[in-house]
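Working through the structure, step by step
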Amino acid sequence: MVKKRVKQYKKSILPVGIKRALKLVSEVNKFLSYTKSEKKLLNGICKTAVKVAGYKFAWIGLVEDIKKKKIVPLNQYGISKKTKLSWKELPKSKELAITSIQRKKPFICRDIITNPKFKKWKKEALYRGYKSAISIPLVYKNEVLGTLNIYAIESKAFNNEEVLILKQVANDLSFGISNFRMRIIALEGKTIFNILYNTSKDAIMTLEPPTWKFTSGNPATIEMFKTKTEKKFASLGPWILSPKYQSDGQLSKVKAKKMIALAMKNGSNYFEWIHKRLNGENFTATVLLSKVEEAGKTYLQATVRDINKEKLAEANLKKSEEKYRGLFDGSVDAMFVADSKTKQLLDCNKAAEKLLDYPRAELLSMKAYQLHPKDRIKDTMLAFKKQAQGKLALYETEVLTKYNKRVPVAINASKAFVGNKMYLQGIFRNIALQKNAEIKLKESYEKLKELDRLKSEFLSMTSHELKTPLTPIKIQLQRILEKNLSKEEHLNSINMIVRNVVRLERLINDILEISRIESKSLIISKFNFNLNELVDEVITNMNFIAKQKGIIIKRSFDGEPKMIYAGRYRLEQVFVNLIDNAIKHSNASQIEITLQKKKNEVIICVKDNGKGMSLDEQKHLFELFYQGKEAKSMHSGAGLGLNIVRGIVEAHRGKLEVESHLGKGSTFCFTLPIKGTNHKI
């Protein structure tokens, strides 16, 4: 194939079709690097196809409904500069787009004027001034996003080389569209936060140092404090929207600064506070101060909930034992009352019995600290004391059930007085579901971070590998355009271009294979065949390359021929990759292939007596784009072959392993089940 292309271009410069396709692929890379929106990207590609590359007309349509043949034509250039064509106004050759999308491959009409199949387009083609057309599907991760449609003025345009380059344009464009859509998803996350902020029933506000005045407040904040506007609210400080003294006798201004300091030190602070509306009305609220660090800036976010009604209910409970018991026993949270000195439990509700699996009588025979595992008693009782003194908000710890099961709880303890006697009241909330949710959320977040890292790494490496062959192609094209090259120099340039195009084609095919493996769309067509014969065929084909490096390929078959039900073509890929790697990188004098039957599987090994690999190299061997030091210096391959090999072996429900020692060579072994069924991964 390479010799054919070289012979074709011996006496001429690069054909017009390839030249303009190369211009277009070059411009696409530029657009992807600086264009900030999908719309601008699509508009720019259509315009560039006509003005820079020299095509007659170009338009891009995005899929709306494939079954109903609905494509939305979003961008076009070449027929009208002022108006955007509708679907009905587009050239009748729009059927090309439908066909290419349904087949997921380019569809070409090389001569609209003379080809009887395209007779109905002839009149419009003559009027518009084009004679050939191509439609290329925009596919990303096996999903058809739309179609790129290009028209040329000459007939017999779009030969195989031009189509190959235009397919690269479509691939780059598909990646760009997908990238912009992923950004939109990220922006939607911020939108959700704004919705929650604006619709929250709790007052949410921010305070910033050094003055610690309010800097923002949501609608619920304005309503709670009756300030009418956010601007008015932001001119005030926490002590202004509070009475002079708090319930413990401290000055609001002094205590507010203490609460702020605790939040800044510990990251958060949860407490009760008496607030005052702008109309002079006092109310009790819970306040959660959370430290926020964002873009190099540190501030506090306060979530305030009006609990005035709850406080009034507590006052009423003290007046009525019956009402108190109703609320006490009906609480979904476990509640305990204990003697403040002896810590003896004096009362508990039904939720407490349910939480700890103890009957009420057994609970009331216990001390408060006996509710907790031994390793949590000291810290928990200290937290009780601080909560009773108003120095600590909700405290998270664990309780121990009758059957020694540890249950995470959040505790809110407070003092209660009956006459002159003080009691401790504790409210225990089971937060097991919350903790499990937090763990799962954290795990999901870590997985997403890792996926994002892998995606970025893959895209970065892919971009680098794709640009590597493009650089010499561009340089040689520039040399050819100088027109003062000798015949030999001209031929050398053409040879280099063809070599790099072939390299680019091979790289793209490898990336597509990886994509199919990752997306589980690699089809393995299986049938019964003689594995021994396949190995002999591969050895025969690889012997020429091996002999050039002075390497002998041997094979050792255990017993009778191995009949196997598998994908013959895919296994040929595996053998070629493994043998080729051994020839190129091992510095071996001999390569041995062994086949051994064991129970219901065949064990195949490719062994060389070369230099071997270090443990560090073996750890990274199957990573995408990984190349050893020698492979990098030789500029050999892109580091995708072994990843593809592993994918094919695993698609056969087999396992691939490597054993290597420095100075002693390397052995790649994989297993294959003898029997299997057709399947798609």
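Given the structure is predicted, the values throughout are model-derived calculations rather than measurements.

Each helix and strand in the chain was counted, giving 21 helices and 24 strands. The proportion of buried residues among the 681 residues of the chain is 43%. For the chain, restricting intrachain contacts to residue pairs at least 6 apart in sequence, the fraction spanning at least 24 positions comes to 58%. Per element, the accessible surface of the chain, about 39,100 Å² overall, is 54% carbon and sulfur.

The residue Glu38 is located in helix α3 (residues 38–51) in this model. Overall, the relative accessible area of 17% leaves Glu38 in the buried class. Those residues in contact with Glu38 that lie beyond four places of it in its chain are Leu62, Ile177, Phe180 and Arg181.

Moving on: the nonpolar core. Counting 44 residues, the largest nonpolar core has Tyr55, Ile60, Ile150, Phe158 and Leu166 as the members making the most contacts within it. At the level of secondary structure, the elements contributing two or more residues to this core comprise α2 (16–34), α3, β1 (57–65), β4 (132–140), β5 (143–152), α6 (160–199), α15 (432–481) and α16 (487–518). Among the elements that make up this core, the one with the highest residue count is α6 (8 residues). In this structure, Ile539, Val645, Leu656 and Ile674 belong to the second largest nonpolar core, which totals 39 residues.

On to the packing of aromatic side chains, then. Any aromatic ring pair is given by two values, namely how distant the centres are and how the planes are angled relative to each other. Enumeration according to the criterion identifies 10 aromatic pairs in this entry. Between Tyr55 and Phe158 the ring centres are 6.1 Å apart and the planes differ by 10°, which places this aromatic pair in the stacked class. Taken together, the residues span a long stretch of sequence, with Tyr55 in the loop between α3 and β1 and Phe158 in the loop between β5 and α6 at a distance of 103 residues. Taken individually, Tyr55 and Phe158 each receive the classification buried, so the pair is uniform in this respect. On the numbers, 4.9 Å between centres and 70° between planes, the contact of Phe336 with Phe428 is edge-to-face. On the criterion of sequence distance, the pair formed by Phe336 in strand β11 (residues 334–339) and Phe428 in strand β15 (residues 421–430) is long-range, its members being 92 residues apart. Under the relative-accessibility criterion, Phe428 is labelled buried at 3%. Here the aromatic cluster, defined as three or more aromatic residues joined through ring pairs, consists of Phe214, Phe225, Phe233 and Phe283.

On the basis of which strands lie adjacent, the open sheet formed by 5 strands has the order β7-β6-β10-β9-β8 and antiparallel pairing. Of all the strands in the sheet, just β7 (213–217) and β8 (268–276) have a single pairing partner and so form its edges. Pairs of neighbouring strands in the sheet enclose a mean axial angle of 35°, with direction left out of account. Bridge count for strand β6 (residues 203–208) against β7 is 4 bridges, and the pairing is antiparallel. Counterpart to Leu207 in the pairing with β7 is Phe214.

One pass over the full model with this rule turns up 1 disulfide. Two residues, Cys605 and Cys669, share a disulfide whose sulfurs are 2.0 Å apart. One disulfide, between Cys605 and Cys669, carries an S-S torsion of 110° and so falls in the right-handed class. In this pair, Cys605 sits in strand β21 (residues 601–608) while Cys669 sits in strand β23 (residues 665–673), placing the two residues 64 residues apart along the sequence. Judged by its relative accessible area of 14%, Cys605 is buried.

Rules and cut-offs
Residues numbered from 1 in each chain as written. Predicted model: local features only at pLDDT ≥ 70, side-chain atom pairs only at ≥ 80, totals over all residues. Heavy atoms only, no water. Helix = DSSP H or I, 4+ residues; strand = E, 2+ residues; numbered from the N terminus. Buried < 20%, exposed > 50% of the residue type's maximum accessible area, 1.4 Å probe, protein only. Contact = heavy atoms within 4.5 Å. Areas by Shrake-Rupley, 256 points an atom, 1.4 Å probe, with all protein chains shown as cover. Core = buried A, V, L, I, M, F, W, Y, C linked by side-chain atoms within 4.5 Å. Phe/Tyr/Trp six-rings, centres within 6.5 Å; stacked < 30°, edge-to-face > 60°. Pairing = 2+ DSSP bridges. Axes fitted to C-alpha atoms, helices over the stretch in contact; angles between N-to-C directions. Disulfide = S-S within 2.5 Å.

Any functional reading would require information beyond the geometric quantities listed.
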